[in-house]
Amino acid sequence: MANKMISEIPLPKSIANVFAARNISTAKDALSLTEFELMELLDVGLTEVRSALSQISEIVAPPYQTALSLMEQRFQNEHLGGHFPTGLKGLDAALCGGIPFGVLTELVGPAGIGKTQFCLKLSLLASLPTNYGGLDGRVIYIDVESKFSSRRLLEIGLRSFPEIFQMKEMAQEMAGRIFVLRPSSLSEFTQSLQQIKVSLLQNQVKMLVIDSMAALVSGEHEQGVRRQQTLSWHISFIKSLAEFSRIPVVVTNQVRSQSHDEASQYSFQEYLSCAAQSRDGIVETPTRYDSHLVAALGIHWAHAVTTRLVLEAKSGQRFIKVAKSPISPPLAFPFHITSSGISLLSDEGMELMGPEINSIHCQGHNEIINFRMESLV
Amino acid sequence: MEIWRLPISASQRGKLISAGYTTLSSLSSISSSDLARESKVSESEALDILKFASHSHSGGSEMSSGNCSIFEGAQNAWDMLHEEESLVHITTSSADLDNILGGGIHCKEVTEIGGVPGIGKTQLGIQIAVNVQIPHGFGGLGGKAIYIDTEGSFMVERALQIAEACIGDMSEYNRFIRKDFQACEIRMQPKDILGNIFYFRICSYTEQIALINYLDKFISEHKDVKVVVVDSVTFHFRQDFDDMALRTRVLSGMALKLMKLAKKFSLAVVLLNQVTTKHTEGSFQLALALGDSWSHTCTNRIVLYWNGNERYAYIDKSPSLRSASAAYSVTPRGIRNSSSSCKRIRMM
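Since we're looking at a predicted model, the values are computed, not measured. (Residues numbered from 1 in each chain as written. Chains lettered and ligands numbered in written order. Predicted model: local features only at pLDDT ≥ 70, side-chain atom pairs only at ≥ 80, totals over all residues. Heavy atoms only, no water.)

(A) Region of the structure containing the overall build of chain B. Within chain B one finds 13 helices and 12 strands. For chain B, the accessible area works out to roughly 15,300 Å², and carbon and sulfur atoms hold 54% of it. (Helix = DSSP H or I, 4+ residues; strand = E, 2+ residues; numbered from the N terminus. Areas by Shrake-Rupley, 256 points an atom, 1.4 Å probe, with all protein chains shown as cover.)

(B) Representation of the overall build of chain A. Tallying secondary structure elements over chain A gives 16 helices and 15 strands in all. Burial analysis of chain A (377 residues in total) assigns 52% to the buried set. (Buried < 20%, exposed > 50% of the residue type's maximum accessible area, 1.4 Å probe, protein only.)

(C) Fine view of the pairing of strand 8 (residues 249-253) of chain A. Residue and element names in this part refer to chain A. Along strand 8, 5 of the 5 residues are buried, which leaves the element largely enclosed by surrounding structure. Sheet topology note: the strand 4 (residues 104-108)/strand 8 ladder contains 5 bridges and is parallel. Its bridge partner lying in strand 8, Glu106 is registered against Val251. One ladder, built from 3 bridges, connects strand 7 (residues 205-211) with strand 8; its direction is parallel. Among the inter-strand pairings, Ile210 is bridged to a residue of strand 8, identified as Val251. (Pairing = 2+ DSSP bridges.)

(D) Highlighting the interface of chain B and chain A. Counting from both sides, the interface comprises 68 residues of chain B and, opposite them, 64 residues of chain A. Buried surface at the junction of chain B and chain A, both sides included, amounts to about 5,900 Å², of which 64% is carbon and sulfur. Our count for the contact surface shared by chain B and chain A stands at 13 residue pairs in polar contact (both at pLDDT 80 or more). Looking at side-chain class alone, the side of chain B that touches chain A contains 33 nonpolar, 20 polar and 15 charged residues. (Contact = heavy atoms within 4.5 Å. Buried area = accessible area lost by both parts, 1.4 Å probe. Polar contact = N/O pair within 3.5 Å; in protein donor to acceptor, adjacent residues only side chain to side chain. Nonpolar A, V, L, I, M, F, W, Y, C, P; charged D, E, K, R; others polar.)

(E) Structural detail: the pattern of salt bridges. Applying the stated rule across the entire model yields 19 salt bridges over all chains. The partner of Glu312 of chain A in a salt bridge is Lys321 of chain A, and the shortest N-O contact between them spans 3.2 Å. Since its relative accessible area comes to 1%, Lys321 of chain A is described here as buried. Among the salt bridges present, the one from Glu112 of chain B reaches Arg301 of chain B, with a minimum N-O distance of 3.0 Å. Of this pair, Glu112 of chain B sits in strand 1 (residues 110-115) while Arg301 of chain B sits in strand 8 (residues 300-307), and the two are 189 residues apart along the sequence. Of the two residues, Glu112 of chain B and Arg301 of chain B, both sit in the buried class. In this structure, a network of salt bridges that share partners links the residues Asp136, Glu173 and Arg177 of chain A. (Salt bridge = Lys/Arg side-chain N within 4 Å of Asp/Glu carboxyl O.)

(F) Region of interest: the nonpolar core. In this structure, Tyr266 of chain A together with Phe154 and Val227 of chain B are the most contacted members of the largest nonpolar core, which totals 63 residues. If one sorts the elements of this core by residue count, helix 8 (residues 156-177) of chain B sits on top with 7 residues. Formed by 54 residues, the second largest nonpolar core is a distinct cluster that contains Leu31 and Val60 of chain A together with Val230 and Leu251 of chain B. (Core = buried A, V, L, I, M, F, W, Y, C linked by side-chain atoms within 4.5 Å.)

(G) Geometry of the packing of aromatic side chains. Evaluated as defined, the whole model comprises 18 aromatic pairs over all chains. With 5.2 Å between their ring centres and 85° between their planes, Tyr64 of chain A and Phe198 of chain B make a pair best called edge-to-face. Pair noted here: Tyr64 of chain A is in the loop between helix 4 (46-60) and strand 1 (65-66) and Phe198 of chain B is in strand 3 (residues 197-201), and the two residues belong to different chains. Exposure remark for Phe198 of chain B: the relative accessible area of 5% places this residue in the buried category. (Phe/Tyr/Trp six-rings, centres within 6.5 Å; stacked < 30°, edge-to-face > 60°.)

(H) Structural context of the side chain of Thr234 of chain B. Residues and elements named next belong to chain B. On the secondary structure map, Thr234 appears in the loop between strand 4 (225-231) and helix 11 (235-239). One polar contact links the side chain of Thr234 to the main-chain amide nitrogen of Gln274, over a distance of 3.2 Å. Excluding anything up to four places from it in sequence, Thr234 contacts Leu272, Asn273, Gln274, Ala289 and Leu290.

(I) Here's a closer look at the domain arrangement of chain A. Domain boundaries in chain A define domain 1 (6-60) and domain 2 (73-260 + 290-376). When each unit is reduced to the centre of its C-alpha atoms, the spacing between domain 1 of chain A and domain 2 of chain A is 45 Å. (Domains from an automatic or database assignment.)

(J) Molecular detail of unusual backbone geometry. Here Asp211 of chain A and Ser212 of chain A are connected by a cis peptide whose omega angle stands at 0°. Between Asp231 of chain B and Ser232 of chain B the backbone carries a cis peptide bond, its omega angle lying at -10°. By the element assignment, Ser232 of chain B lies in the loop between strand 4 and helix 11. At Leu297 of chain A, a residue that is not glycine, the phi angle is positive and equals roughly 75°. Owing to a relative accessible area of 13%, Leu297 of chain A belongs among the buried residues under this scheme. The phi torsion at Lys40 of chain B lies on the positive side, around 55°, for a residue other than glycine. Along the polypeptide, Lys40 of chain B turns up in the loop between helix 3 (32-39) and helix 4 (43-58).

Encoded structure:
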């Protein structure tokens, strides 16, 4: 809609000609300028500029829907009202049905915690027919770090859904629905994304997994803020892709250590703590998460994802926490990894207070890795 | 010849005509000193003439109090006070938050609310979109809401939850306080509340600008809209612009239009903003996104932040409220007071 041509919009002939003469061909060009700038550029009066802009705006503006009709539409047309059940009962209950369609869901955690395992399980689930809780469609798995293991995928399938995967043709059919892309650079990734957008709907792709987003930029030689800006186009593109196709998009993210000059406060917070200190004698410690790990990719990315699931290990036990969600309270579920993928040890989540939900722990993790390796053999 | 209609003396009239001023409109844009010089009358006479001219030109129809205003289109502060006092505020469902806001979100003003991801901006936005519909009998505006979603964070299930809780609260209120008043029975259903939220999904900054331009016409056709929530105003402006100066101009244009909307239709505009890091005084600090020039454009600015284990809201900028912070919480029923016992409202 933004790239609508001015020529297609029913404007009075005189002003349409002036727009064309000044090389303002799309609605985007016209709307990016202020009224005053347009007056000067087109050499017409304010009223004419205003009426032209209001006509263009009316056509370019998206149509409205009441929240009620949105809800009814989603429940009628989409699987479970727009949610993809993960098979983890407690998590699905917290997320009101499962991973939401049309928005980004992020899995973040330290290395080896189980993000890729979770992604494998989800890809498998998505390929299954709907009576098994799946989306009955194709899955695109963008595997940046070459972690996708088809052997492990089939093992998960065999253990979780033996009735399907024991039959070779069915296993082939299901595994055949998962398409793995291995871009070796950011530019290849960009190209793949653009191709995907074009062919998404006609190829019945029902889920997109990107594993991992952080690895895409770690290869590029830029630091800090520049690194975040590199991804900003991709963030916007992936969001719009998720939006228009209404599919769940799962993205994994890495962790990094928090640097000491990390911004953690607003300027007025210092005032408030000083004022409180001088008045009450209470010293308030600045809000700093006690773990030294934070999610990579920065705050812009953190704003862009709608649901953030943090996977961490604390005192030897792994937890999956709903750190950011429009619908779920901040709950943590203990989980473990078995031969049939990820499963929750308890469907009752523990509610965590405060910014604790966002912190990422990595305690007692190494023992678990060894344990897992042994159990898989 | 309209000059004949002015209550001035014949000689003054004659001087005006010989100087070339024959119609009232020719007198509308001239200063008294110029008029005095050109038509050879004294300054005070020129002032009187202009006063008469402007009074008969406008017909005195715009003044609400009946006495003629010296400056056309202006309203004096006393009349404004009466208007401001009669405006209802939109409650946030947290009494502490309402307190520091002076009753709630103000109509006829643009309020910007920003915070880190996960602090509850969308939750507050949805709560406001529901609370604006609280009927007059319960102290609300009984209006409709426009929700402009730029990021896809609006979840209908959550809106339904909040709507149900709101109706639940109203029924409670009914039971405890208005035992004898059967008239104010609640006929609203959660689905009705959802039906009164007009949802727009924006996918680019062009659409955002176009929609805000179009809102004037839309709200003229849906006169009971009382709040416009934009969630978030930042998203599309953070990545698509290479020309920062253009971004600033476009953003100020947008802010101005929103302000005009707020004033024209007496509604509240709530803009949700994201957070970025800013390098000031040798250290990195958190600040609301979109830059320094944007921070001037909104009337009120509220920052949501974490303080220990609690969510707090801080009035960063307001023409009438003092800087204060209050705790709030996000519950399954929506935004509510913080349950902590050691909460306190801190004034600056």
